[in-house]
Each structure stands twice: as structure tokens, then as C-alpha cells.
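Spelled out from the first residue to the last, the chains are:
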Amino acid sequence: MTAVRPDIAPKQAPEATKFPTGFVWGAATAAYQVEGAAAEDGRTPSIWDTFSRTPGKVRNGDTGDIAADHYHLYRDDVALMKRLGLKAYRFSISWSRVQPTGRGPAVQRGLDFYRKLVDELLEAGITPVATLYHWDLPQELEDAGGWPQRVTADRFTDYAAIMAGALGDRVGTWTTFNEPWCSAFLGYGSGVHAPGRTEPASALRAAHHLNLAHGRAIEVLRGQLPAAVQTSVTLNLHQVRPLTASAADADAARRIDAVGNRIFTGPMLRGEYPEDLIADTRHLVDWSRLVQDGDLAAISRPVDLLGVNYYTPTLVSTPAEGSGDTRNDGHGASDYSPWPGSEHVAFHLAEGKERTAMNWSIDPNGLYSLLMDVTRDHPGLPLMVTENGAAFDDYVSPEGRVEDPERIAYLHGHLDAVQRAVADGADVRGYFLWSLMDNFEWAYGYSKRFGAVYVDYASQRRIPKASAHWYADVIRRHGLPPTGPA
Ligand code: FCB
């Protein structure tokens, strides 16, 4: 299945680095998950402010009001990144901070925050990688219909132009969207994410308008930014595997690949929606009306990089009538499916694999095959691992340390998968650990810790975990240490 190229996979001692020169070592966060300062300097609520205030939506009633207080502590955070030797920081911009309500002129104080953050990073020798949208639609745009409405793509294009104008001279890599699958299908399908709607047809419409907004934003960025600036989008491409070799399970995998992956890669990278996706969902939307003339040309504006986020594979089957768990798909339990047209598909956890605190099975080979599959399907497309990491139940020891050997093992295994993919021909330009620090983990609130740096929320004290020191060592040596955990 995978095109392995032994001709370019030199036999090297395990400790020798296989990461290309210039490979970028980074860590990632997202605005609503870390910034806090929810009502400061003119920021207005986003859908996540509203959702997290809605009883029962987020564990323990947690909100991003304060989060890791990155808005106030960004200087210290950049200094910490520098101490850890990070080469790049991937952050997202809160739309409602820079353009409250999602339309009209920008607010200078909002823009100033990102300009100061970027300047601080540049001064520390850390490359800023900016994401325009990591799930936090201004609430007023949701009130006007949200992503299922085409006009939201128009609004996003204006916002992209504002940001290109404000930071275009100092940010070298731009990402339009983070995981638009989650925005469309968890936000409007299963409802486990903001805005919490459970409308299968709206979820599909949202996906198209997110695609359109992406393509138009690429056009705006390309038009406004210097040629050397890189544009990208980040997708959570599900590494879908059938449970058995049966034809029925193969069909389940095909369906989830269509509505989980190819609904984005099709229009973005090939200029077309997959025929099988259209067939699977035509009872829900009229694609010929949804997709207007010129849309596919706009959506398929070339990107310089594809960002991929990977945590765990997706194991699926077509259950016999009445059997199988169609709700446990790893994205949060709901009575509503985030898989329009394929609601009957069942999801499984691989047997015999270790799990993280999210109950996601640990499988570095999934990252290897993901990178190789994308390379095979889209030859020559430069890739960036924009998120990878794991939550564990971290705690501070009486000596004040956070020992997280499981996270080190997870990162070691996945970085090894990256270097294997590179050796086998994948053009992977960098790796961003999710996350720089513990933060608001969406519907799980603060109950899940993904950080390399521990955050004591009561004091906002940062404590680099053992994994942060381990990662700093990886960065220093530009490769994996010779004796890492298996
Ligand atoms: C990804 C999100 C990121 C974080 C990780 C754990 O889907 O992009 O914000 O929540 O999962």
C-alpha cells in the first residue's frame, strides 16, 4: 500500500539523526485554549465563550476566561520557549479579539497583542507560525447563521485581509484553518464542540463554506504577502483502518475517509469533491446548489505546505444490524453522529495498545502511514506535523517535579515515525508538539493535560515536565537521543 523507497533510506545507526537540515522543531497552542483575558481590550465572545458557559457542555463548567493567562504572561512564555530551545511557535489568532463581532474595522489593541507576541518571538529567535482560525467563531457571526451560511466565508476573507495587513511583514508561515473537520462536524453534527448544533445537513454545508473560506483566504494572503511567505492549512486527516478484511468494513473505512478526509483534500488539493462523498450524502444536501460556479477553483488555490495533526488511528466497521457502538468515535459521546450519511459506522479501540488519558490508543505507525499516504496521494506536497502529543494524568511531585515518562515514550515513538517517513520519501518540514503547555482542552476543560509544560492554574506557575527537558534535548541534537524509552 505504501510506497517505501529503500533506495533513499540509508542504513544508519539508530542514534544518527534522520531529520533534514532546516527541519523545524516547534510547539503549538490555540488562542481560546491559552489566552484567557476573554473580555479585555475590546474582545467580544466567540462561540466557545458561549458554549463553555452553557451548562453541561464542558466538563466541570470550565471556561477559557482565564485559561493559562497567556495574554498577560506571553513574555514569560516566550522566554520559557527560548530556554527550551524551541525554533518555532504555532499559535492562533482570536478573531473576536482583533475584529470584534466578526465584521467592520479591526481593534488596534487586539492587533497590538499579536504584534507584541510576534516581536517577542522574533527577538528570541523563534519563528512565529500563525493560524487564523482555531475554532473560535465570533458569536455574532454564529447568530447570523454561522458556517452553514455562505456569508461567513465572506467575513473570514475580510478578517484574513486584516491579519495579512497587520502581521504580513513579520509572520513567515500562515495557516488558514486548524482542523476544519472539527469545526464542521463536531460543531454542527455531533454538537460536542461549539456551537453545539446537531444538524447533519448544516455540518456538510459548514464544511463547504470552511473550504471556500480557506481558498479565498489563501488568495488574499498570496495577494498581500511577500512571495517568500508560506501559506498552509492544517487537517486532522483520520488514519482510517477497517476492523476486518470484510467488504462491509472496507466500505465503512471508505465512507469515513470520504467524510473525514477527502471532503477537504478533494476540493483543496484536487479541485473536486469526491464522487462517493456526494453519493453518500446526497439525501442531505444538494451539492450542485451548495457548490457554486468558481468555488472549486477558489478552494484549490495551491498551498505551500499541508499541516497534518495526528494523535491516534480510527478503527471502523459496518456492524451487523443493532450491534456496534456508533457513538464512541473518539471525538466525544453524543446521541448525534459527526459522520453525516455514515451514521451507521461503528468505531473501535485497537486491542492490546496502550492508551492516553483521552482513551486514545497509542500507535506511532499511524503517523508513519499517514505521512506516507499523503505523500503517495499528493506527491511533492511539503508536509508539516502541526500537532502531535498526548494527555496523561500529570501531577507535581513533593519535590516540585513533573515526571511524565509515558509522554516521553509517546513523543519518542512518534518522532521516530516521522524520521522513518522522511527516510522513505515524505517531505516533512517540521514537527509541532501539542502542546507547549497545559490548557483548556475544549469539552474536557482543564481535566486533560497535553502540555510539555505543566500549568498550575491557581498560581499560573509553569513547570517544565520531564518531557519538556527531553524535547529540548531532541532539539539540541536535532534528532532522537540514542537511548530513549522504547
Ligand atoms: C486537536 C486540536 C487541539 C487540541 C488537540 C488535543 O484536535 O486541534 O486544539 O485540543 O486536539
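Above this note sits the structure.
What counts and what doesn't
- Residues numbered from 1 in each chain as written.
- Predicted model: local features only at pLDDT ≥ 70, side-chain atom pairs only at ≥ 80, totals over all residues.
- Heavy atoms only, no water.
- Core = buried A, V, L, I, M, F, W, Y, C linked by side-chain atoms within 4.5 Å.
- Buried < 20%, exposed > 50% of the residue type's maximum accessible area, 1.4 Å probe, protein only.
- Helix = DSSP H or I, 4+ residues; strand = E, 2+ residues; numbered from the N terminus.
- Contact = heavy atoms within 4.5 Å.
- Pairing = 2+ DSSP bridges.
- Axes fitted to C-alpha atoms, helices over the stretch in contact; angles between N-to-C directions.
- Expected span 1.5 Å × (residues − 1).
- Salt bridge = Lys/Arg side-chain N within 4 Å of Asp/Glu carboxyl O.
- Parallel < 35°, antiparallel > 145°, perpendicular 65-115°, else oblique.
- Nonpolar A, V, L, I, M, F, W, Y, C, P; charged D, E, K, R; others polar.
- Near = heavy atom within 4 Å.
- Polar contact = N/O pair within 3.5 Å; in protein donor to acceptor, adjacent residues only side chain to side chain.
- Areas by Shrake-Rupley, 256 points an atom, 1.4 Å probe, with all protein chains shown as cover.
- Left-handed = near helix turned anticlockwise from the far one by under 90°.
- 1 Å grid on protein atoms, 1.4 Å probe; cavity = no way out; pocket = protein on both sides within 12 Å on 5 of 7 lines; lining within 4 Å.
- Points joined across faces, edges and corners; volume = space filled by probe spheres on them.

**Some thoughts on the nonpolar core**
Soluble globular proteins tend to bury their nonpolar side chains together.
Link 1 in the chain: Among the nonpolar cores identified, the biggest contains 154 residues, and Ile93, Trp147 and Trp174 are the most heavily contacted of them.
Link 2 in the chain: For this core, the element with the highest residue contribution is helix 9 (residues 200-224), accounting for 10 residues.
Link 3 in the chain: If near-sequence neighbours (up to four positions away) are discounted, isoleucine 93 is found in contact with Ala31, Val98, Tyr114, Ala130, Thr131, Leu132, Asp136, Tyr159, Met163, Leu167 and Trp174.

**Considering the sheet that holds strand 9 (residues 346-348)**
Link 1 in the chain: Within the open sheet, the 3 strands sit side by side as 6-8-9. Their pairing is mixed. Only two strands of the sheet have a single neighbouring strand rather than two, namely strand 6 (240-242) and strand 9. In this sheet, neighbouring strand axes are inclined to one another by 40 degrees on average, regardless of whether the strands run parallel or antiparallel.
Link 2 in the chain: Summarising the sheet, strand 8 (residues 314-317) and strand 9 pair through 3 bridges and their orientation is antiparallel. Counted as the bridge partner of valine 316 is phenylalanine 347 from strand 9.

**Details of helix 15 (residues 405-423)**
Link 1 in the chain: Compared with the 27 Å implied by 1.5 Å per residue over 19 residues, the 27 Å span of helix 15 between its first and last C-alpha is a close match.
Link 2 in the chain: Counting buried positions over the 19 residues of helix 15 gives 14, a clear majority of the element.

**What to know about the pattern of salt bridges**
Link 1 in the chain: One pass over the structure, following the stated rule, counts 35 salt bridges.
Link 2 in the chain: Between aspartate 276 and arginine 262 there is a salt bridge, with the nearest N and O atoms lying 2.8 Å from each other. Here arginine 262 lies in helix 10 (residues 247-270) and aspartate 276 lies in helix 11 (residues 275-281), a separation of 14 residues in the sequence.
Link 3 in the chain: For aspartate 276, a relative accessible area of 18% gives the class buried.

**Description of the packing of helix 15 against helix 16 (residues 466-477)**
Link 1 in the chain: Helix 16 packs onto helix 15 with a crossing angle of 30 degrees between their chain directions and a minimal axis gap of 9 Å. Accordingly, the angle class assigned to the pair helix 15 and helix 16 is roughly parallel. Residue-level contacts link Arg407, Ile408, Leu411, His412 and Leu415 of helix 15 to Ala466, Ser467, Trp470, Tyr471 and Val474 of helix 16.
Link 2 in the chain: Classifying every residue of the contact of helix 15 with helix 16 gives 7 nonpolar, 2 polar and 1 charged.

**Quick word on the pairing of strand 10 (residues 383-388)**
Link 1 in the chain: Burial analysis of strand 10 places 6 of its 6 residues in the buried class, which makes it a mostly covered element.
Link 2 in the chain: Pairing geometry for strand 7 (residues 305-309) and strand 10, over 4 bridges, is parallel. Its bridge partner being in strand 10, asparagine 309 is matched across the sheet by glutamate 387.
Link 3 in the chain: Both strand 10 and strand 11 (residues 428-434) contribute to a ladder of 3 bridges, which runs parallel. The residue bridging valine 385 from the neighbouring strand is tyrosine 431, located in strand 11.

**As for the pairing of strand 7**
Link 1 in the chain: Within strand 7, 5 of the 5 residues are buried, which leaves it mostly tucked inside the rest of the structure.
Link 2 in the chain: Residue alternation in strand 7 divides its side chains into two sets, Leu305, Gly307 and Asn309 and Leu306 and Val308, and both sets are buried.
Link 3 in the chain: Direction of pairing for strand 5 (residues 230-235) relative to strand 7: parallel, over a ladder of 4 bridges. Each bridged residue has a counterpart across the sheet, and for threonine 234 the counterpart in strand 7 is glycine 307.

**What to know about the environment of proline 274**
Link 1 in the chain: Considering the arrangement of structural elements, one finds proline 274 in the loop between helix 10 and helix 11.
Link 2 in the chain: Put simply, proline 274 and arginine 262 are 12 residues apart on the chain and 6.8 Å apart in space, counted from C-alpha to C-alpha.

**Brief notes about the site of the ligand**
Link 1 in the chain: Around the ligand, a shell composed of Gln33, His134, Trp135, Asn178, Glu179, Tyr311, Glu387, Trp434, Glu441, Trp442 and Phe450 is seen.
Link 2 in the chain: With respect to the ligand, the side chain of glutamate 441 contributes an N or O atom lying 2.7 Å from an oxygen atom.
Link 3 in the chain: Its free accessible area being 300 Å², the ligand has 94% of it covered by the protein chains.
Link 4 in the chain: When its residues are assigned to classes, the shell around the ligand shows 5 nonpolar, 3 polar and 3 charged.

**Some details on the packing of helix 9 against helix 10**
Link 1 in the chain: Between helix 9 and helix 10, the least distance of the axes is 10 Å, while the angle of their chain directions is 35 degrees. The two elements helix 9 and helix 10 meet at a crossing, and its hand is right-handed. Across the interface between the two elements, Leu204, Ala207, Asn211 and His214 from helix 9 touch Val259, Ile263, Phe264, Pro267 and Met268 from helix 10.
Link 2 in the chain: In the contact of helix 9 with helix 10, the residues fall into 7 nonpolar, 2 polar and no charged.

**A few points about the layout of surface pockets**
Link 1 in the chain: If you add up the space inside the second largest pocket, you get close to 500 Å³.
Link 2 in the chain: In terms of lining, the second largest pocket is formed by 24 residues, of which the most central are Asp257, Asn261, Asp373, Arg376 and Asp377.
Link 3 in the chain: Elements supplying a minimum of two residues to the lining of the second largest pocket: strand 6, helix 10 and helix 14 (364-377).
Link 4 in the chain: A per-element tally of the lining of the second largest pocket places helix 10 first, with 9 residues.
Link 5 in the chain: Residue classes in the lining of the second largest pocket are distributed as 10 nonpolar, 6 polar and 8 charged.

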